[in-house]
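# Chain and residue survey
Next come the chains, spelled out residue by residue.
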Amino acid sequence: MPPTQDMTSAVSASPGSGSEPAGSEPSGSAPLESAPAPSAGTESVAVPDDGATDDVVLLDTLQHQVAVFARRAEQTRLGGVGQVRNSMDRAAYLLLNRLDLEGPMGVKALAAGMGIDSSTVTRQVAPLVDTGLVKRTSHPEDGRAVVLELSVRGLSRLEEVRSSRRELMSQVTDGWTEAERESFCTLLTRFNSALSARQSGPTPAEPPPHRAPVDDPSGTEPPSAS
């Protein structure tokens, strides 16, 4: 499965993420009265009005399931199975994974590649350096610059966590065909890429409002002199 952005970070503000027990609604939220009774292990979805189009129904279902995914992912942290479950938080995993895939790089390059600011990377990488998972070294072409590099210990821990999470993915998608797994991976990667592009892309500027010339109280342009 190709590396993707962690989707929980893109939707971490979704209601209910945190410590609520699985299957419960976030505290303070109104119950979905129009939803049918959910079966065990599923989330209810509000039924739109009869006049809603198929597209509206589909998009409502999509946004709801993304919110449910965000909460489930936060509750379990998708941390894998066995003794290493939850042993590495999301930020650490993503930092180590990128250093492994891209090689040594500076804080600015690492921040740009992950779509976060440099101060956040500096804060998140500090404990990784302290625990010996990441080391600071001199840039091979510029000795004055410092780059971050995955240590031997860091690579070993990353492989351990990857193996645990790989087993979790195998268990969660048990019974899926290879084609279904590939399709889900492709669509999820595409979805994450679209979220990333929307988050980092420039916001279209609104055209400035039309203003009449100061010396023309009528609001009309003065006729040009012939």
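Just so it is clear, the structure is predicted and the values come from calculations on it, not from any experiment. (Residues numbered from 1 in each chain as written. Predicted model: local features only at pLDDT ≥ 70, side-chain atom pairs only at ≥ 80, totals over all residues. Heavy atoms only, no water.)

### Some words on the pattern of salt bridges
How we decide: By definition here, a salt bridge exists when the distance from a side-chain nitrogen of Lys or Arg to a carboxyl oxygen of Asp or Glu is within 4 Å. For the purposes of this entry, the term helix denotes a DSSP run of H or I that reaches at least four residues, the term strand denotes a run of E that reaches at least two, and both are numbered from the N terminus. The buried label applies to any residue whose accessible area, calculated with a 1.4 Å probe on protein chains only, is under 20% of its type's maximum; exposed applies above 50%, and partly exposed to all values in between.
Counting across every chain of the model gives 3 salt bridges. Put simply, Arg 162 and Asp 100 hold a salt bridge, and the shortest N to O gap is 2.9 Å. Taken as a pair, Arg 162 in helix 6 (residues 152-172) and Asp 100 in helix 3 (residues 90-102) lie far apart in primary sequence, 62 residues in all. Here Glu 160 ties to Arg 157 by a salt bridge, and the two come within 2.2 Å at their closest N and O atoms. Of this pair, Glu 160 and Arg 157 both sit in helix 6, 3 residues apart, which is roughly one turn of that helix. Residue Glu 160 is classed as partly exposed on the basis of its relative accessible area of 38%. Each of Asp 100, Glu 159 and Arg 162 takes part in salt bridges that share partners, so that together they form one network.

### Some remarks on the packing of aromatic side chains
In this description, an aromatic ring pair is defined by two values, namely the gap between the centres and the angle between the planes. Rules: Any Phe, Tyr or Trp ring, taking Trp's six-membered ring, that has another such ring centre within 6.5 Å forms a pair; planes under 30 degrees apart are called stacked, those over 60 apart edge-to-face, and the others tilted. In this scheme, the term charge over a ring applies when either NZ of a lysine or CZ of an arginine sits within 6 Å of the ring centre and within 35 degrees of the ring normal.
Scanning the model with the defined rule gives 1 aromatic pair in all. Between Trp 176 and Phe 184, the ring centres sit 5.5 Å apart and the planes meet at 90°, which makes this aromatic pair edge-to-face. Note that Arg 165 overlies the ring of Tyr 93, its terminal NZ or CZ placed 4.2 Å from the centroid.

### With respect to helix 5 (residues 118-130)
Under the convention used in this document: An expected span of 1.5 Å times one less than the residue number is assigned to each helix. A residue's bend is the angle separating two fitted axes: one through the seven residues that end there, the other through the seven that start there. Any two residues whose heavy atoms approach within 4.5 Å at even a single point are treated as in contact.
Compared with an ideal rise of 1.5 Å per residue, which puts 13 residues at 18 Å, helix 5 spans 18 Å between its outermost C-alpha atoms and is within 8% of the ideal. The largest bend along helix 5 measures about 25° and falls at Gln 124, with the proline Pro 127 one to four residues further on. Looking at the packing, one finds that the buried side of helix 5 touches helix 3, helix 4 (107-114), strand 1 (134-138) and strand 2 (146-150). Following helix 5 by one or two positions, Gly 132 has its phi on the positive side, about 80°.

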